[in-house]
Amino acid sequence: MSDDPFGPTILEDPSDFHRNMRERGPIVYLSRYDVYGMGRYNDVHAALIDWQSFESAAGVGLSNFRYEKPWRPPSLLLESNPPRHDAPRGVLSAILNVRALKGLRDNWIADAAALVDELCDRREVDAVADIARVFPLRVFPDAVGIGRTGRDNLLPYGDHLFNAFGPSNELVAKGAHRIGELSAWVMAQCERAALRDEVIDGQPTFGAQIWAAADRGDITYEQAPLVVRSLLSAGVDTTVLGISAVLAAFAHHPDQWRAVRDNPALARVAFDEAVRWESPVQTFFRTATKDIAIGDHVVPDGKKILMFLGSANRDPRRWADPDQFDLRRNPSGHVGFGMGIHQCVGQHVARLEAEALLVALTQRFESIAMTGTPRRHHNNTLRAWETLPITLTPA
Ligand code: OVV
């Protein structure tokens, strides 16, 4: 196929391209970039699990680290294979597992209630600027333990980082002039001295816990700042867009708001269904570690294969009525958080943020409605909203 999956037409609405790709077979050749693409659920799922054949250490963007120098030191988590991947992964999954997050829960519920209070006399709000960008930025940088100044660098850093997984098109060019400054700021936040180490709610900050893992010898002191960098890289834009996605989903399917009002336990289902429905992280590449026969193709050793998570999550071969946001379905098994050894290590953090916010919103507001024209923000990797004008009607 000669289509440009990173061009403005497909970024605006990838659904026709995804369908064409799925109908062509388990794998397609994307001639514009000399890479392969996978869009069917079963094939994407199988490839993500087979990290030995589809590696991450050559980078999960278009740039192939076998032949090109990475633009930043590779992530110890995202852009590495076992055995190098295992220690950093083990450290972060212990810090971010469901039980370890229990101490944050009550605080985040109170923070969500406070934000919802501020919205109460507004009615018409932008779900992106007034909710989805606000809540993660209030709770997550504090949980990591970074200082108060410069937090407005986090979203532009992430936007450029996720663009940089794609080709060096206009989206990358527009972020290039600030990336030196933004990267320097992010790396400075990862130093031990920059991270608060007070105990809050019975536990040290995520950043302090990462450095404590280096004290124990679970990771090296050289690795600690890069593990903190992963939190700041992967933990902000993604949660903003996951929350945007679930609010957009309700604005498009307002009947389902009532179900969560009646049963707050559905807030978690709603978030995962929204991650399936929207797939805020649309794509990541893998690299073939040998010649791999798939369908009518042999993918040569060293070639990149683009995993279309958003397409897999709407593959009608796997999902009934895939374009419907439906709280009656079981969304588990979606690949919106990836699958296999690299599956999102922060997913419990994301779910807790979303649950706290959605429960607060549904309890306070009777209904949600789209009141203006939503507008997309284009990014080479992320499916993003620039603005989502909504009305919230108080109960
Ligand atoms: C999943 C993800 C996205 C972006 C950056 C990273 C991870 C990282 O580990 O730096």
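Each value, and the rule that gives it
- Residues numbered from 1 in each chain as written.
- Predicted model: local features only at pLDDT ≥ 70, side-chain atom pairs only at ≥ 80, totals over all residues.
- Heavy atoms only, no water.
- 1 Å grid on protein atoms, 1.4 Å probe; cavity = no way out; pocket = protein on both sides within 12 Å on 5 of 7 lines; lining within 4 Å.
- Points joined across faces, edges and corners; volume = space filled by probe spheres on them.
- Helix = DSSP H or I, 4+ residues; strand = E, 2+ residues; numbered from the N terminus.
- Expected span 1.5 Å × (residues − 1).
- Bend = angle between axes of the 7 residues up to and from the residue.
- Buried < 20%, exposed > 50% of the residue type's maximum accessible area, 1.4 Å probe, protein only.
- Pairing = 2+ DSSP bridges.
- Axes fitted to C-alpha atoms, helices over the stretch in contact; angles between N-to-C directions.
- Contact = heavy atoms within 4.5 Å.

Draft legend 1. Main features of empty space enclosed by the protein. Applying the stated criterion across every chain yields a total of 3 cavities of 30 Å³ or more. Estimates place the volume of the largest cavity at around 800 Å³. Around the largest cavity sit 41 residues that line it, and Ala234, Thr238, Phe284, Cys344 and Val345 are the ones nearest its centre. Where the lining of the largest cavity is concerned, the elements lending two or more residues are α4 (86-96), α8 (154-163), α11 (224-234), α12 (237-252), α14 (266-278), β7 (283-288) and α16 (347-364). No other element matches the 4 residues that α11 contributes to the lining of the largest cavity.

Draft legend 2. Seen up close, helix α9 (residues 170-189). The first and last C-alpha atoms of α9 sit 29 Å apart over 20 residues, in line with the 28 Å expected at 1.5 Å per residue. At arginine 178, α9 shows its maximal kink, close to 60°. Restricting attention to buried positions, one finds in α9 the residues Leu171, Val172, Gly175, Ile179, Leu182, Ser183, Trp185, Val186 and Gln189.

Draft legend 3. Region of interest: the sheet that holds strand β4 (residues 124-126). As summarised here, the arrangement of the 3 strands in space is β4-β14-β11, forming an open sheet in which the pairing is antiparallel. Strand pairing shows two members of the sheet lacking a second neighbour, β4 and β11 (365-370), which therefore form its edges. Strand-to-strand, the axes of this sheet are offset by a mean angle of 30°, without reference to chain direction. Alignment of β11 against strand β14 (residues 389-394), held across 5 bridges, turns out to be antiparallel. By the bridge assignment, isoleucine 368 is partnered in β14 with leucine 392. Lying over the sheet, helix α13 (residues 255-262) contacts β11 and β14, oriented at roughly 155° with respect to β11.

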